[in-house]
Amino acid sequence: MDTSDLGKQILINSISQRFKNNLGSLFEPINFQNFDLIMSNVAQMPIDRISQATFHDHGGFDGWLYLDDIIRKSSFFLVRGGYLVLMIFDFLGIHERTSKSIPCLQERLEINGFRILDEYSYYKKVRKNGQTYRAIQQIKKIYPLATFYNFNNERISISENIEEAFVYLPCIISKKK
Ligand SMILES: C[S@@+](CC[C@H](N)C(=O)[O-])C[C@H]1O[C@@H](n2cnc3c(N)ncnc32)[C@H](O)[C@@H]1O
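Calculation criteria
Residues numbered from 1 in each chain as written. Predicted model: local features only at pLDDT ≥ 70, side-chain atom pairs only at ≥ 80, totals over all residues. Helix = DSSP H or I, 4+ residues; strand = E, 2+ residues; numbered from the N terminus. Rg over C-alpha atoms; globule rule 2.2 N^0.38 Å. Buried ≥ 20, exposed ≤ 12 C-beta atoms within 10 Å, placed from the backbone. Contact = placed C-beta atoms within 7 Å. pLDDT = per-residue confidence, 0-100. Core = buried A, V, L, I, M, F, W, Y, C linked by C-beta atoms within 7 Å. Pairing = 2+ DSSP bridges. Axes fitted to C-alpha atoms, helices over the stretch in contact; angles between N-to-C directions. Expected span 1.5 Å × (residues − 1).

A separate point is the overall build of the chain. Assigned secondary structure in the chain consists of five helices and eight strands. The C-alpha radius of gyration of the chain comes to 17 Å, within 12% of the 16 Å expected for a compact globule of 177 residues. Referenced to the eigenvectors of the C-alpha coordinate spread, the extents of the chain come out at roughly 50 × 35 × 35 Å. By residue count, 22% of the 177 residues in the chain fall in the buried class. Expressed as a percentage of contacts within the chain between residues at least 6 apart in sequence, the contacts between residues at least 24 apart total 62%.

Below, the structure written as structure tokens:
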């Protein structure tokens, strides 16, 4: 849900008394530690040059710039047994590496004291001239083992034509040990 949609839902359901908004970069405006749940769909597109980037999508050259920060700091901000929920592109490597030298999500979560509990599927079509399409050369360079999906939900190699293909963007639920 977009922040503006969340705002509308809060108003429609008259529950604004129970919400507090803090505006800022990642955890910067937060001074409370004992969260039960942290959810994020942060910018994570691998984009090599800042001049090509939009703030909405730019995740640094390998996509992990903000995700990594969220995973490391969530371990500090969550209570024991708290949940960290992340929307993350499958091509960054979820359970296995899609680049020999770049740790996958599962490794990063385990190092920071989390274990993956569940995963909800979400597929997004690669639109011609959309952000994934535009970043494809960088994705291919950094993640040569990544795969996309065709109409029959079969994996296709990143070296194939990905126009009209689908990118898997699951919602990963993890728990702090
Ligand atoms: C893929 S969009 C997702 C937007 C929205 N959360 C949603 O799920 O529809 C990524 C969002 O991360 C935000 N973002 C990028 N850098 C950020 C930062 N340092 N702190 C907080 N948000 C950031 C961008 O403004 C953008 O809205």
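Moving on, we come to the confidence of the model for the chain. Taken over all residues, the pLDDT of the chain has a mean of 90, while the share at 70 or more is 95%. Looking at the elements of the chain, mean pLDDT is at its lowest for helix α1 (residues 3-12), recorded as 71, and at its highest for helix α3 (residues 105-111), recorded as 98.

In this section: the nonpolar core. Counting 26 residues, the largest nonpolar core has Ile-88, Phe-91, Leu-92, Leu-105 and Ile-139 as its most contacted members. Looking at this core, the elements that each hand over two or more residues are α2 (65-77), β2 (78-87), α3 and α5 (136-142). With three residues, β2 is the single largest residue contributor to this core. Every residue in contact with Leu-105, bar those within four places of it in the chain, is listed here: Ile-88, Leu-92, Gly-93, Ile-94 and Ile-172.

Let us look at the sheet that holds strand β1 (residues 35-40). Pairing in this open sheet of four strands is mixed, and the strands run β1-β2-β8-β3 from one edge to the other. The sheet is open, and its two edges are formed by β1 and β3 (114-120), each paired on a single side. Going from strand to strand, the sheet's axes swing by 20 degrees on average, the running direction of each strand aside.

Bringing α2 into the picture now. Over its 13 residues, α2 extends 19 Å from the first C-alpha to the last, a length consistent with the 18 Å expected when each residue adds 1.5 Å. Restricting attention to buried positions, one finds in α2 the residues Leu-67, Ile-71 and Ser-74. For α2, the secondary structure elements touched by its buried residues are β1, β2 and α3.

Within the secondary structure layout, Phe-166 lies in strand β7 (residues 166-168). Residues Phe-166 and Ile-15 lie 151 residues apart in sequence; the distance between their C-alpha atoms is 37 Å. The contact partners of Phe-166, leaving out residues within four places of it in the chain, are Tyr-123, Lys-124, Lys-125, Val-126, Phe-148 and Tyr-149.

Next up on the list: unusual backbone geometry. Among all residues except glycine, the phi angle is most often negative; among peptide bonds, the trans geometry is most common. The phi torsion at Asn-153 lies on the positive side, around 65 degrees, for a residue other than glycine. By secondary structure assignment, the location of Asn-153 is in the loop between β5 (147-149) and β6 (155-157). By C-beta crowding, Asn-153 is classed as exposed, having 10 other C-beta atoms within 10 Å. Here Glu-164, not a glycine, exhibits a phi torsion of approximately 75 degrees, which is positive. Relative to the helices and strands, Glu-164 resides in the loop between β6 and β7.

Counting through the fold element by element, Pro-29 comes out in the loop between α1 and β1. Sequence-distant contacts of Pro-29, defined by excluding residues within four places in its chain, comprise Asn-22, Leu-23 and Gly-24.

You can see Ala-146 is positioned in the loop between α5 and β5. Separated by 59 residues in sequence, Ala-146 and Met-87 have C-alpha atoms that sit 17 Å apart. Ignoring any residue separated from it by four or fewer positions in sequence, one finds Ala-146 in contact with Phe-91, Thr-98, Ile-139 and Ile-158.

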